[in-house]
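The primary structure of each chain is shown beneath.
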Amino acid sequence: GGAGGALYVDGSGDGEVRIERCTFRENVAWGGGAIQSVMYGSPQALVVADSTFLENRATGANAGAIYHQDGALTFTGSLVAGNQAFNQGGGLWLYHPTTAAITNVTFTGNRAEGGVPPDDWAVGGGFSIYPSDTSSVVLSHLTVVRNHAWWTGGGISIASPADRVTLRASIVAWNTAYDGGNGWDIGKNCAVGPTLMTNGGDVLEYPQRNLGASNDY
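Since the structure is predicted, the reported quantities are computational estimates derived from the model, not experimental observations.

### Brief notes about the overall build of the protein chain
Along the backbone of the protein chain there are 0 helices and 25 strands. Computed over the C-alpha atoms, the radius of gyration of the protein chain is 15 Å, within 12% of the 17 Å expected from 2.2 N^0.38 for a compact globule of 217 residues. Projecting the C-alpha coordinates of the protein chain onto the three principal axes gives extents of approximately 50 × 35 × 30 Å. Counting over 217 residues, the protein chain shows a buried share of 52%. Taking the intrachain contacts of the protein chain between residues at least 6 apart in sequence as the baseline, contacts between residues at least 24 apart amount to 83%. Carbon and sulfur atoms form 48% of the exposed surface of the protein chain, whose accessible area is close to 9,100 Å².

The following block contains the structure:
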């Protein structure tokens, strides 16, 4: 039960909370399987570097491994693998950050499954981001492979306004989405909309989106 199976952060005063060279494994919570971080705007921040998140679970809500809300997030040089969320963000769920820089992180084997519409939406197997109108989010040098979502966004799910998120120099491949069993064949690697993410270049997506479906972004 509760939130933050290993660590719960409730603000950081006028500074930041730093997590470096740590391993979080097999932690369980209702939401935020390993970490739940709630900040209160700038300059509050969470920094996670050179760490590993393995097989953590959120049994009833979002964020199999890391839940971060408001404030800034810096997430670098880490592995996020085999985590599971009941609802959204198998590896990471990020909500209304002031700024976020996620760099050199591998998301693999994470799952978002369990949440069923109309009450819940199991999206973002690798990670799910809800930017605000003023958020600045940069995703760089990521490997997002072989994650799964019950609904859409097997690898990545970005809510509107998705253009506040820039993806560059990354690999997004072989992710899967069940599409709620509807057979739509969309949203395997990414689910965004109605605006698109900002393309920073040098992004490899495989397989490519379903060109026969106008709503596969």
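Alright, that's what it looks like, and here's the rest.
### Considering the packing of aromatic side chains
Both the distance between ring centres and the angle between the ring planes are used here to describe each pair of aromatic rings. Scanning the entire structure with this criterion turns up 13 aromatic pairs. Linked through ring pairs, Phe24, Phe53, Phe75, Phe107 and Phe127 together constitute an aromatic cluster.

### Side note on the pairing of strand 12 (residues 92–95)
Sheet analysis places strand 9 (residues 66–69) next to strand 12, joined by 4 bridges and oriented parallel. In the strand pairing of strand 12, histidine 68 is matched with leucine 94. As judged from the 4 bridges shared by strand 12 and strand 15 (residues 127–130), these two strands associate in the parallel manner. Within the sheet, the bridge partner assigned to tryptophan 93 lies in strand 15 and is serine 128.

### Some remarks on the sheet that holds strand 4 (residues 28–29)
Taken in spatial order, the 6 strands of this open sheet run 4-8-11-14-18-22, and their pairing is parallel. What marks the edges here is a single partner per strand, and that holds for strand 4 and strand 22 (176–177).

### Focus on unusual backbone geometry
Across the junction of serine 160 and proline 161, the peptide omega takes the value 0°, indicating a cis bond. Mapped onto the fold, proline 161 is located in the loop between strand 19 (156–158) and strand 20 (165–168). Here tyrosine 206 and proline 207 are connected by a cis peptide whose omega angle stands at -10°. Even without a glycine there, the phi angle at alanine 169 is positive, about 45°. Looking at the element boundaries, alanine 169 is found in the loop between strand 20 and strand 21 (170–173). Taking the relative accessible area as the measure of exposure, alanine 169 reaches 24% and is therefore partly exposed.

### Considering the side chain of histidine 68
Structurally, histidine 68 is set in strand 9. On the basis of relative accessibility, which here comes to 0%, the residue histidine 68 falls in the buried class. Within the local environment of histidine 68, its side chain forms a polar contact with the backbone oxygen of alanine 72, the two atoms lying 3.2 Å apart.

Here is what the cut-offs are and how they apply
Residues numbered from 1 in each chain as written. Predicted model: local features only at pLDDT ≥ 70, side-chain atom pairs only at ≥ 80, totals over all residues. Heavy atoms only, no water. Helix = DSSP H or I, 4+ residues; strand = E, 2+ residues; numbered from the N terminus. Rg over C-alpha atoms; globule rule 2.2 N^0.38 Å. Buried < 20%, exposed > 50% of the residue type's maximum accessible area, 1.4 Å probe, protein only. Contact = heavy atoms within 4.5 Å. Areas by Shrake-Rupley, 256 points an atom, 1.4 Å probe, with all protein chains shown as cover. Phe/Tyr/Trp six-rings, centres within 6.5 Å; stacked < 30°, edge-to-face > 60°. Pairing = 2+ DSSP bridges. Polar contact = N/O pair within 3.5 Å; in protein donor to acceptor, adjacent residues only side chain to side chain.

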